Amino acid sequence: MIISRQLTGLALAGMFLGLSLSAHALSPAAQTGADIRRTTFGVPHIRAQDERGLGFGIGYAYAQDNLCLLANEIVTVNGERSRYFGPEQFTVEERENRVSDLFFTWLNTPQAVSEFWQAQSVEVRELVQGYAAGYNQYLAERRQQGLPQQCQGEWVRDIAAEDLVKLTRRLLVEGGVGQFAEALAGATPPQATARIDADDRAYQLASTRLQRFALDRGSNAVAVGSERSFNGRGMLLANPHFPWVGGMRFYQMHLTIPGKLDVMGAALPGLPMINIGFNQHLAWTHTVDSSKHFTLYRLQLDPKDPTRYLLDGKSLPMSKQTVTVQVKQADGQVVPVSRDIYSSQFGPIVQWPGKLDWDHQYAFSLRDANLDNDRVLKQWYAMNRAANLQELQDSVHKIQGIPWVNTLAVDDKGQTLYMNLSVVPNVSAEMLGQCSDPRAGLQMIVLDGSNSACAWDIDSQAAQKGIYASSQLPQLLRKDFVQHSNDSAWLANPAQPLTGFSPLISQDGQPLGLRARFALSRLATPGKAGTLAVKDLQQMVMDDQVYLAGQVMPDLLKFCAADLGADATALKPVCASLKGWDGRANLDSGIGLVHFQNIMQALQESPDVWRVAFDPKDAQHTPRGLAIEQAAVAKAVREAMLASAQMTAKMGLQPDMRWGDVQVVSSGGQQTPIHGGPGTLGIYNAIQSVPREDGRLEVVSGTSYLQVVTFDDKGPHAQGLLAFSLSSDPASKYSRDQTEAFSKKQWSVLPFTEQQIKADPQYQLQSVRESAEKVGKVATK
């Protein structure tokens, strides 16, 4: 038990003089503290009397489990990686340090951080400051024992409230300008003498990140209502697909302020509230949406000066912000390096060689709607405290703080709710017709920056200038079900299509992703009396069915049964593995899964391989079948199979190997086999893995926090898992335990009531109190 001595009023009075960001400091009459009760897998149930104490407990517990992770992320969002680690190393996200530093120094200016902080409520400030204090206290205690090997160095320091603001701002722009860090840091006027040389590898990695954003940060969700649930109450499956490492790695916890807050679920690093979870009367989750959260503007430049642009025929100067970062040299010296970041009134100039070029005629400016979103923390705290579904919906309507995700929710009365109520630029279909080049398509919106009429419209009902009001965004309240897997809002429930929205919000009539088609096939096949039970939702993930296999395997096997000609020797092993494969991504599934993935990845690049083309009137079942009777398709199948044979041979994979031998995750020198696979194959349990030098695949993202929540008269009943485990410290006993349970498909009961918590066989209590010498360091550096 950790209990600190009481603070004197005199000591506090002196300490308060140093608070730079705080408008409300800790009262001298009470000492900040919290009880951290851990249950099975080390899940912390944190209880305090107020927000300051709760934040303290969260920060302390999080540091116990992820001290080095947060310390590393703090260095990143402060733009200090080059200072400590050198400019040419890479971040966890494979971004060069110097690019990362320039981007975050530009993003997190003192003014931007201060304005965000001033917009927060007293409760949110107390949570954030408490979090910083709790982290700092554990850091001080751990220094006495010796810091973990992976975070020893001067870069590990006390944190401030402003550091957590910077983390939050990084989260906000993940769906926008955060994907253009290289393009922002490298943008220079034509013929400028000082520039960052275009690094082909850096831009290639950036392009891959952009394309994989919804895969690495995707999700599945199913909300079942009274008409379909086994007991007539709400049921929720939350299956977010997020990175297993770095600053987007979920943390599982339960937060309680008696009489005010009681919520359990998962949160991202640095956030003192639940992002996805449940409370006494409702449960909710998020899925990355398909809405646009930024637009590009093509600027027509002044022929006399490429740093001036024409707007309504008038020449305007770009603004110039000099960004300076500290860079460690080869000899160990640290020197300042400065870059000029240019912006138009629409946003920063971005330059992507071959795609978004800055020449003497045009440049491109990016406007990200979430740069002005200072409501996100207030939003999630309001959701945490919602007493019913109506309160949750009202909070999202009013605050509009959700950055780039959908929300699906259920309540104990059996209602389900789908909301695509994120921050979306107010650009109508009519404006698109007038201001964009139709040849550019809708994948990335490019508007005319020479016409002020192409600026985002302003709706007085919206919470922020230039975004759509919540009343104009898709939402659906039903009693059977709603579901989502990163498609548009169109078919959240096919019985009630959501149509007629701006293409920036939702596009109907487009092919559904395979995970959504899988989910709809399961939901359209009711069990006993048409009802769904907990196991039905769990099996959607844990069955590891490869939905695409059901659409094309008969044709692949038919191809294999035909005369294979001169390639027979090379193709027979591939065909044998496909025939022996069970059509799933289980640990014991055969190597046919690897071949199937390779083959379909090659074939999906061609839109003409399908026997039955996509039909908007039958989006749940089309496209399907491989037109192997067509010579061109048969040739493509043959080439894809031959390439797969070569690839698996190069990887060193043997015919008798199983999927669990191939796809693994490493921690502390040990490997755990992981089931699931690419969501692009229609595997609901979407897992992204990357090749290793030994031919294996290392998991980097995918199924992260799992929860299935139901309700009865006494409240919620939840089962769940954190697939990558609670702690990122390899030395922690909580670093692999849930990963092994996930590998074995063993869900855990999530204790929620006091009786359940104290009855847990792994129950342990730790009371933590804020040290006197740490109070004044919470909000200053």
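Predicted, not measured: the structure shown is a model, and the values here were computed from it.

Novice: Is there a simple way to think about unusual backbone geometry in this case?
Specialist: With the exception of glycine, most residues fall at negative phi, and the peptide bonds are largely trans. Omega for the peptide link from Thr622 to Pro623 comes to 0°, which places this bond in the cis form. In this structure, Pro623 sits in the loop between strand 21 (610-612) and strand 22 (624-626). Of note in this structure, Phe41 is not a glycine but carries a positive phi near 70°. In this structure, Phe41 sits in the loop between strand 1 (33-38) and strand 2 (44-47). Unlike most non-glycine residues, Lys745 shows phi in positive territory, near 60°.

Novice: How do you make sense of the state of the cysteines when you look at a structure like this?
Specialist: By definition, a disulfide links the sulfur atoms of two cysteines through a covalent bond. In this structure the tally under the stated criterion is three disulfides. Through a disulfide, Cys435 is tied to Cys454; the S-S separation comes to 2.1 Å. Note on the Cys435 and Cys454 pair: the S-S dihedral is about -85°, so by sign convention the disulfide is left-handed. Placement of the pair is Cys435 in helix 13 (residues 429-435) and Cys454 in the loop between strand 18 (446-448) and strand 19 (475-478), with a sequence separation of 19 residues. On the basis of relative accessibility, which here comes to 7%, the residue Cys435 falls in the buried class. Among the residues examined, Cys454 registers a relative accessible area of 0% and is labelled buried.

Novice: It is not clear to me how helix 15 (residues 534-542) should be interpreted in this structure. Could you clarify?
Specialist: Three or four residues apart is the spacing at which side chains of an α-helix point the same way, because the helix has 3.6 residues per turn. The complete set of buried residues in helix 15 reads Val534, Leu537, Gln538, Met540, Val541 and Met542. Packed against the buried residues of helix 15 are strand 3 (219-224), strand 4 (235-243), helix 14 (514-523), strand 27 (705-712), strand 28 (715-722) and helix 21 (737-743).

Novice: Looking at this structure, I do not really get the pattern of salt bridges. What am I missing?
Specialist: Pairing is possible between side chains that carry opposite charge, provided their charged atoms lie close to one another. Here the structure, examined in full by the defined rule, presents 25 salt bridges. The shortest N-O distance in the salt bridge between Arg47 and Asp35 comes to 3.4 Å. Remark: Asp35 occurs in strand 1 and Arg47 occurs in strand 2; sequence separation between them is 12 residues. Across the pair Arg157 and Asp163 runs a salt bridge whose closest N-O atoms are separated by 3.1 Å. Exposure remark for Asp163: the relative accessible area of 0% places this residue in the buried category. The network of salt bridges with common partners includes Asp35, Arg37, Arg47, Glu754 and Lys758.

Novice: What should I look at first to understand the side chain of Thr39 in this one?
Specialist: Within the fold, Thr39 resides in the loop between strand 1 and strand 2. The buried category is assigned to Thr39, whose relative accessible area is 2%. Contact partners of Thr39, with chain neighbours within four places excluded, come to His45, Pro751, Ile757, Asp760 and Gln762.

What counts, and at which threshold
- Residues numbered from 1 in each chain as written.
- Predicted model: local features only at pLDDT ≥ 70, side-chain atom pairs only at ≥ 80, totals over all residues.
- Heavy atoms only, no water.
- Helix = DSSP H or I, 4+ residues; strand = E, 2+ residues; numbered from the N terminus.
- Disulfide = S-S within 2.5 Å.
- Buried < 20%, exposed > 50% of the residue type's maximum accessible area, 1.4 Å probe, protein only.
- Contact = heavy atoms within 4.5 Å.
- Salt bridge = Lys/Arg side-chain N within 4 Å of Asp/Glu carboxyl O.

Without other data, these values stay purely geometric and don't point to any function.
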